[in-house]
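Descriptive structure summary
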Amino acid sequence: STQSTGKDIGQGHRNICLVPVSAHGTNPASAQMAGLAVVSIKTLPDGNVDMDDVRAKCEKYKDNLSCIMVTYPSTYGVFEECIRDLCDLIHENGGQVYLDGANMNAQVGVCKPGHYGADVSHLNLHKTFCIPHGGGGPGVGPIGVGAHLAPFLPGHDLVPPMNTDDPGSRPCGQVSAAPYGSSLILPISWAYIKLMGPTALRTATEVAILNANYMAKRLAPYYPIMYTNSEGFCAHEFILDVRNFPGCNIGVMDIAKRLQDYGFHAPTTSWPVVNTMMVEPTESEDKAEMDRYIEALIAIRQEIQDIQDGKIDPEDNPVKRAPHTMAVVTADEWDRPYSRQTAAFPLPWMTPAKKIWPGSARVDDAYGDQNVFCTCPPVEAYSIDDLSK
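Just so it is clear, the structure is predicted and the values come from calculations on it, not from any experiment.

With that settled, the discussion passes to the sheet that holds strand S6 (residues 143–145). With mixed pairing, six strands are arranged side by side in an open sheet as S2-S1-S3-S4-S5-S6. The two strands at the open ends of the sheet, each matched to only one other strand, are strand S2 (37–41) and S6. Ignoring which end each strand starts from, the neighbouring axes of this sheet average 20° apart. As judged from the three bridges shared by strand S4 (residues 96–100) and strand S5 (residues 120–122), these two strands associate in the parallel manner. When the bridges of S5 are listed, Tyr98 appears paired with Val120. Sitting on the sheet, helix H3 (residues 51–61) is in contact with strand S1 (16–20), S2 and strand S3 (65–71), with an inclination near 150° to S2.

Shown next, in the form of structure tokens:
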């Protein structure tokens, strides 16, 4: 739509898309798929967009600036304090503002993207609007645009979406096989919104932000929190810096594997910052569950400290050898320098009746990523002649 708008007013040559390094990873990919050239924007040590760099890039590309794609709050877990100034600056230089709605979980009922300057916003339904998140999808949701972009919304060859056949409408082509999205997913979000109502939707946002800050404050004495605002608070998510434990060879994947022994799936690892953990509790978890998660991370930090202090072996320890499966823990032989209790039930509230066992021991993640092999059986394996033998 932004490109079509430019062409309509004789500025179709505008093809530069600014993307802060704190934006969602799909932003530069989407921009390139739309035929735009991506120019990255730096961030400051506190996670905010570097406005000096934005001004410099706007000046350099002002004749060809198409848009900026910004995630708000950013994937660094902070509300950009300069968001309104950022939007104004882009508009002053002839560009449009695309807001990635991946973090609407921190905005619903609290912020209005149009008020601080967004021209386009993709409202992801997963997470914020009751659709499961992870496993590659489903990435679906409505796209809201300003009135000036409405005539250029995508059309559909068979089922023209609402208003795309109005006089003056100039659809930019078809971008989706289904004109209104997934009929399996959208009703779930619609029902969620209707059942919640405006007050509860706002409360969900407030609780999501409260939960993240509660966890961040409790974990801060044990792990550095990478980004917070000027008041020391985060948005609905925060990043734990686990990159530097002097004197021991412990990394983010070691902590992620050890969390399985405590009955938890690891949070997002190595994104948006390599070798860190991004924690995003949302409004769904109660305080007791968050406290257990916090206690697990604190206990792991103490295990790491024991390695640093030389109290346990630097390699043959419960963190480096995690996770511990039922088969390993219940085997007749146990040759490790720590107890089975430490391996499988490291905290008092962990009991056999409540234990969630990891399905497999540690695998070499990097090797699996770098050495792909085909597991497809040969055609003969499907033959009924072979099956009958």
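So, about the sheet that holds strand S9 (residues 276–279). Adjacent strands of a sheet form backbone hydrogen bonds with each other and so pair up, either parallel or antiparallel. The sheet built from three strands is open, its strands ordered S7-S9-S8 with antiparallel pairing. Strands at the two margins of the open sheet, each flanked by one partner only, are strand S7 (238–241) and strand S8 (268–269). Pairing analysis gives four bridges linking S7 to S9, with the strands arranged antiparallel. Looking at S9, one finds that Ile239 is bridged to Met278. Against the sheet, helix H6 (residues 186–219) touches S7 and S9, its axis set at about 20° to S7.

Thresholds applied
- Residues numbered from 1 in each chain as written.
- Predicted model: local features only at pLDDT ≥ 70, side-chain atom pairs only at ≥ 80, totals over all residues.
- Heavy atoms only, no water.
- Pairing = 2+ DSSP bridges.
- Helix = DSSP H or I, 4+ residues; strand = E, 2+ residues; numbered from the N terminus.
- Axes fitted to C-alpha atoms, helices over the stretch in contact; angles between N-to-C directions.
- Contact = heavy atoms within 4.5 Å.

What is shown is where atoms sit, not what they do.
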